[in-house]
Structure formats: C-alpha cells, structure tokens
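Each chain, written out:
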Amino acid sequence: MFKALLAFSVLGTTLGNAHTDLSGQKVCRIYTNDSSKLVEEMRQVYGGEIDIWAKNEEFVDACVPADVASQVSGCNVMIEDLDSAIKETYPQGTTQFSGVQSTFDIATRKVHDIFFEEFRDLDTIYTWLDLLALTFPELVKIEWVGQTFEGRDMKALHISADNREMNPDKKTIVITGGVHAREWISVSTACYMIYNLLTKYGNNKKETKYLNHLDFLVIPVFNPDGYAYTWTHDRLWRKNRQQTYFPRCFGIDIDHSFDFHWTGAEDIPCSEDYGGDSPFEALEAESWNNYINETKSEYTIHGYLDLHSYSQEILYPYAYSCEALPRDLENLLELSYGMAKAIRNKSGKSYTVLSSCQDRGSDLKPGLGSGSALDYMYHHRAHWAVQLKLRDTGNHGFLLPPKYIVPVGNEAYAALRYFCEFILNPEL
Ligand SMILES: [Zn+2]
C-alpha cells in the first residue's frame, strides 16, 4: 500500500553572540495604584526607557537592571535570572538544535505532536504550514498577505471545507498570533488551533460541524520580522523591525498602528508602544488591511480572536476609550465569560474578563489604547472580537517554558470551541 512519508529536520538557529546581553536584569512586580507615575519615576532613576511587561490598576511588572531594581522601593522580584529564564524557552539540548524531526504521514493523515514539544522558529513554522497544505489539500490553502520590511512573507492559512451549501455567507473566524514578537505562546497556540481543527475534522462531530459551517483564517505569525529577531538577537523584542524616522530606533508596535482612533500612542520611536508617524505605517497592519478588505472582501467575519500574552485575560472592545460602549455589550460579555468558563472547565485556570481599555489604561492616559487590531477589526469587519491574553500571571511572563505549549493550547482551544458554538448559535 502506498504510504508517503514526508520528513523535515530543523537545522537550528545558533544562539550566538548576536544576542542582546540581558544578564543582570530582573523582572520586578511593584504594587501601585498609579502605574504611570511609577513608570515615570523608574525612567528617572534609569535615565531611559523602561521595558514594562505588564501593568494594571494594582501593579506594574518591569524588566530593569539589577541596580535599578534595588533602588525601586517595593520591587518584588518575579524573575531573578533573566538570562537563564530566556535560555529555557529555546529548544533544549545544545545551542544548535539540529535533528528535530517532525513527520507527516499523508496516507494516515497523522501529524505527530512532536512539533509542540518546543517553540519553533519562523522557518520551521512555515515549513510545517506547507506540510499541512500537502497533508490536507482539500481543507487548507496558504495565502500570501504581504511582505515585511525585511522582506519576509506574511502568511495566512485559510481553512475551509468549502461547503457553500452549509456556509453560503462565507462566515469566517479570524485568528491572529504573534502580533507582539516576544509572545511566543500566542504563536504556538495559533498553530495548536490549526492542528486541532484539521486533525479532528471528519473524526469528531464538533470540528466537523465547525468546518462545515465556518471558514477559518489563521495568521500564526503576524509579525515575522519581529519573531525572527527574537530567535536571533533579542528574545524580548516586541515590535516589528521597521526603520523609523529616528535612525537608531527600529520598530513600530503593530498593535498601535491600525487606523481606528489612531493617535500616535507614543511619539518616541524607541519606545515599546511606538505606533508610527501615521496610521498603517506598520507594513504588517497595512498589508492586513488590504488582504482582509480586498482579497477577502466576500467573507463575512463573524469572529476575531487575537492571541497575546501574558496575564490570563479575556479582553473585549474597545481599547481606545472606556467611554465608548461596544454594540451588543451584553452578548459580548456572554461570549467573554463563556470563553473564560470553557477554559476553567478545561484546565482549572482562571482568566479575568475585562474591557480592553481598562487593561491598556486608556482611561488614565488617552492614547494608550489607540490603533489596536481588536478595535479596528471589531469596528470594521468582525461582528464579535476578543483578545485573549494567555498564561501566565507573571511567574514566567513572556518567558513561559515550552512544557506549557500543550496545556495552554488545550485551554485556548476550549475557548475557541466556545467561540464557534456562540457564533453558530442561531439565536444570535
Ligand atoms: Zn501583546
């Protein structure tokens, strides 16, 4: 019997001297009810930009040099040794991770889970997508969304059973991962969702129903340049890698670049939140705008799920202002709490539901929530939209070790299933 076997091996990226030296840095949690004031104070002590990992009404998590940590009163050290925490997130063994095998058996349509044992670099992920397209040719199309500043391709996976009798309106769910480069768990989770939808279709009632009645557009790596950079240079890079008007500062925060209530969140190009000089200056946001509105104009986007990390939160629109009320707030809350409950039932983990504006602090400082993908999609294209901030609550922060890929994938997938059920509910 014919049995085709495709295999590929990952010839690794060497973690060499090119990496930003982060030894001596620590991550502090500082409790405060005035995060903006605290961040400003830390800037003064440090004499420059501070890398804020998370902030809310109770605390700020900041990555700072050890001497700054010792000068900030109330620094509870969350990550003592940043360097080793970073190393733990890369594939283990040697710095050269060659020989990792992943196989796809076309005859039995089996996709081995080994892919999810470690985080994967961009080339490996793109190869994996190609192999999925070969393994599930009737369900998967790889589409080109655009090109990045450094010339990489932005790729979307269109998953569809092409069942136009059952899905005449081309109802679609869009899932994006990796908008922020260092949030690796959002990339692996997007891949995990793809994997589950494809391998369960035809074998499991629910997935068969979802794919018969819905199309899925998944962009696992929305920020390919930034993601590649986290593998070769700086594990904690967040923005894209675009040149700004200031020669020494690279990168635009894609999630501040969309043309909906864009205000130019921070005018300093070196800052982590820099939203560019004009809306859609980030090439990824601009390409996405063209792709979704031109290439995909016939598709009706019923759901948008934007994956980020960390803090275990489910955020609903709007991000730009707490005074702007979303339409259908009651149903949007039902959706968000339903997703949180699905996660709790799956893994016991608690995810907090709140408005994105609260998470961003846009009621304290207007502009902090400007130009987000969530608001843009909710306002222009998607009937329902949520941002899912994955694990954890701060012990590892952005440096979640790979052993959490599958557990986080499972709980997030439970949330996606709830989202699908919600959309397919004829009463809504
Ligand atoms: Zn993010």
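Residues numbered from 1 in each chain as written. Predicted model: local features only at pLDDT ≥ 70, side-chain atom pairs only at ≥ 80, totals over all residues. Heavy atoms only, no water.

Undergrad: Is there a simple way to explain the overall build of the protein in this structure?
TA: Helix and strand counts for the protein stand at 12 helices and 15 strands. Against the 2.2 N^0.38 benchmark of 22 Å for 428 residues, the protein shows a C-alpha radius of gyration of 21 Å, consistent with a compact globule. Principal-axis analysis of the C-alpha atoms places the extent of the protein at approximately 70 × 50 × 45 Å. Each of the 428 residues in the protein was classed as buried or not, and the buried ones make up 58%. Counted over contacts in the protein with a minimum sequence separation of 6, partners at least 24 positions apart contribute 77%. When the accessible surface of the protein is summed, it comes to about 17600 Å², and 48% of that surface belongs to carbon and sulfur atoms. Counting 39 positive and 59 negative side-chain charges, the protein places the centres of these two groups 7 Å from one another. (Helix = DSSP H or I, 4+ residues; strand = E, 2+ residues; numbered from the N terminus. Rg over C-alpha atoms; globule rule 2.2 N^0.38 Å. Buried < 20%, exposed > 50% of the residue type's maximum accessible area, 1.4 Å probe, protein only. Contact = heavy atoms within 4.5 Å. Areas by Shrake-Rupley, 256 points an atom, 1.4 Å probe, with all protein chains shown as cover. Lys, Arg positive; Asp, Glu negative; His and termini not counted. Charge placed at Lys NZ, Arg CZ, Asp CG, Glu CD.)

Undergrad: It is not clear to me how the state of the cysteines should be interpreted in this structure. Could you clarify?
TA: Simply put, the disulfide is a covalent bond whose two ends are the sulfur atoms of two cysteines. In the structure shown here, the tally under the stated rule is 3 disulfides. For Cys-249, the disulfide goes to Cys-270, at an S-S distance of 1.7 Å. In this pair, Cys-249 sits in the loop between α7 (224–232) and α8 (283–295) while Cys-270 sits in the loop between α7 and α8, placing the two residues 21 residues apart along the sequence. The disulfide bridge from Cys-322 ends at Cys-357, spanning 2.0 Å between sulfur atoms. (Disulfide = S-S within 2.5 Å.)

Undergrad: So what exactly am I meant to see when it comes to the sheet that holds strand β5 (residues 76–79) here?
TA: Hydrogen bonds along the backbone pair up the strands of a sheet, which may run parallel or antiparallel. Overall, antiparallel pairing links the 4 strands, which are arranged β3-β4-β2-β5 in an open sheet. Each of the sheet's edge strands pairs with one partner strand only, and the pair in question is β3 (51–55) and β5. Between one strand axis and the next, the sheet turns through 30 degrees on average, direction left out of account. Along the sheet, helix α1 (residues 35–46) makes contact with β2 (25–31), β3 and β4 (59–65), crossing β4 at roughly 10 degrees. (Pairing = 2+ DSSP bridges. Axes fitted to C-alpha atoms, helices over the stretch in contact; angles between N-to-C directions.)

Undergrad: Before we go on, may I ask you to explain helix α9 (residues 329–347) in this structure?
TA: Here α9 is 19 residues long and its end C-alpha atoms lie 27 Å apart, about the 27 Å a rise of 1.5 Å per residue gives. Buried residues along α9 sit in contact with β12 (300–309), β13 (313–316), β14 (352–355), α11 (373–380), β15 (384–390) and α12 (405–424). (Expected span 1.5 Å × (residues − 1).)

Undergrad: What is the right way to read empty space enclosed by the protein from this model?
TA: Any space left empty among the atoms is revealed by the rolling of a water-sized probe across them. By the definition in use, this model includes 1 cavity of 30 Å³ or more. Surrounding the largest cavity, Phe-115, Phe-116, Glu-118, Phe-119, Arg-120, Ile-125, Trp-184, Val-187, Ser-188, Cys-191 and Tyr-227 form its lining. The biggest single contributor to the lining of the largest cavity is helix α5 (residues 184–200), with 4 residues. Residues of the lining of the largest cavity, tallied by class, amount to 8 nonpolar, 1 polar and 2 charged. (1 Å grid on protein atoms, 1.4 Å probe; cavity = no way out; pocket = protein on both sides within 12 Å on 5 of 7 lines; lining within 4 Å. Points joined across faces, edges and corners; volume = space filled by probe spheres on them. Nonpolar A, V, L, I, M, F, W, Y, C, P; charged D, E, K, R; others polar.)

Undergrad: Explanation requested: the layout of surface pockets in the structure shown.
TA: Its boundaries defined by the atoms lining it, the largest pocket holds a volume of some 1000 Å³. Lining the largest pocket are 45 residues, and of these Ile-52, Ala-54, Lys-55, Asp-359 and Lys-389 lie nearest its centre. Elements supplying a minimum of two residues to the lining of the largest pocket: α1, β3, β12, β13, β14, α10 (356–360) and β15. Its residues assigned to classes, the lining of the largest pocket comprises 11 nonpolar, 15 polar and 19 charged.

Undergrad: Sorry, what's going on with the coordination of the zinc ion here?
TA: For a metal with four donors in a tetrahedral arrangement, the ideal angle between donors is 109.5 degrees, while six donors in an octahedron ideally sit at 90 or 180 degrees. Around the zinc ion, the protein contributes the donor atoms His-180 (ND1), Glu-183 (OE), Glu-183 (OE) and His-308 (ND1), which lie 2.0 to 2.3 Å from the metal centre. Classification of the site at the zinc ion as irregular follows from its 4 donor atoms and the range of 56 to 145 degrees in their angles at the metal. For the zinc ion, all donor residues lie on one chain, and their spacing in sequence is H-x2-E-x124-H. Residue Glu-183 is classed as buried on the basis of its relative accessible area of 3%. (Donors = N, O, S within 2.8 Å, 3.2 Å for Na, K, Ca; no water. Tetrahedral: all angles 85-135°; square planar, octahedral: opposite > 155°, others 65-115°.)

Undergrad: What should I look at first to understand the environment of Ile-86 in this one?
TA: Among the structural elements, Ile-86 can be located in helix α3 (residues 82–87). Note on Ile-86: relative accessible area 8%, which makes it buried. With residues up to four places along the chain from it excluded, the contact list for Ile-86 reads Leu-22, Arg-235, Leu-236 and Leu-399.

Undergrad: What am I meant to see in the pattern of salt bridges here?
TA: Once the charged atoms of two side chains with opposite charge are near each other, the side chains can pair. Counting across every chain of the model gives 19 salt bridges. In this structure, Glu-49 engages Arg-43 in a salt bridge whose closest nitrogen and oxygen atoms are separated by 3.4 Å. Residue class for Glu-49 comes out partly exposed when judged on its relative accessible area of 30%. Arg-360 is the salt-bridge partner of Asp-255, the closest N and O atoms lying 2.7 Å from each other. (Salt bridge = Lys/Arg side-chain N within 4 Å of Asp/Glu carboxyl O.)

Undergrad: Looking at this structure, I do not really get unusual backbone geometry. What am I missing?
TA: The general pattern is negative phi for most residues beyond glycine and trans for most peptide bonds. Of note, the amide linkage connecting Ser-309 to Tyr-310 takes the cis form, showing an omega dihedral of -10 degrees. Within the secondary structure, Tyr-310 is located in the loop between β12 and β13. Backbone torsion omega between Arg-391 and Asp-392 reads 5 degrees, so that peptide bond is classified as cis. The residue Asp-392 is located in the loop between β15 and α12 in this model. Residue Phe-280 is not a glycine yet carries a positive backbone phi of 60 degrees. In this structure Phe-280 comes out as buried when scored by relative accessible area, which is 15%. Backbone geometry places Gln-312, a non-glycine residue, at a positive phi of 55 degrees.

Undergrad: I tried to follow the side chain of Asp-375 on my own but got confused; where do I start?
TA: Along the polypeptide, Asp-375 turns up in helix α11. Arg-360 provides the closest opposite charge to the buried, salt-bridge-free Asp-375, at an N-O distance of 7.2 Å. A distance of 3.0 Å separates the side chain of Asp-375 from the backbone nitrogen of Tyr-320, its partner in a polar contact. Excluding anything up to four places from it in sequence, Asp-375 contacts Phe-260, Pro-317, Tyr-318, Ala-319, Tyr-320 and Gly-369. (Polar contact = N/O pair within 3.5 Å; in protein donor to acceptor, adjacent residues only side chain to side chain.)

Undergrad: Looking at this structure, how should I read the domain arrangement of the protein?
TA: How big an interface is tends to be expressed through the accessible area that disappears when the partners come together. Looking at the protein, the domain boundaries give domain 1 (25–80) and domain 2 (139–233 + 274–424). Look at where the C-alpha atoms of domain 1 and domain 2 centre, and you get two points 29 Å apart. At the junction of the two partners, domain 1 supplies 10 residues and domain 2 supplies 13 residues. Carbon and sulfur atoms make up 44% of the surface buried where domain 1 meets domain 2, a total of about 930 Å² over both sides. If you sort the residues of domain 1 by the area they bury against domain 2, Trp-53, Lys-55 and Met-78 come out on top, with a joint share of 46%. Put simply, domain 1 and domain 2 have 1 salt bridge between them. Its salt-bridge partner being Arg-182, residue Asp-51 comes within 3.0 Å of it at the nearest N-O pair. (Domains from an automatic or database assignment. Buried area = accessible area lost by both parts, 1.4 Å probe.)

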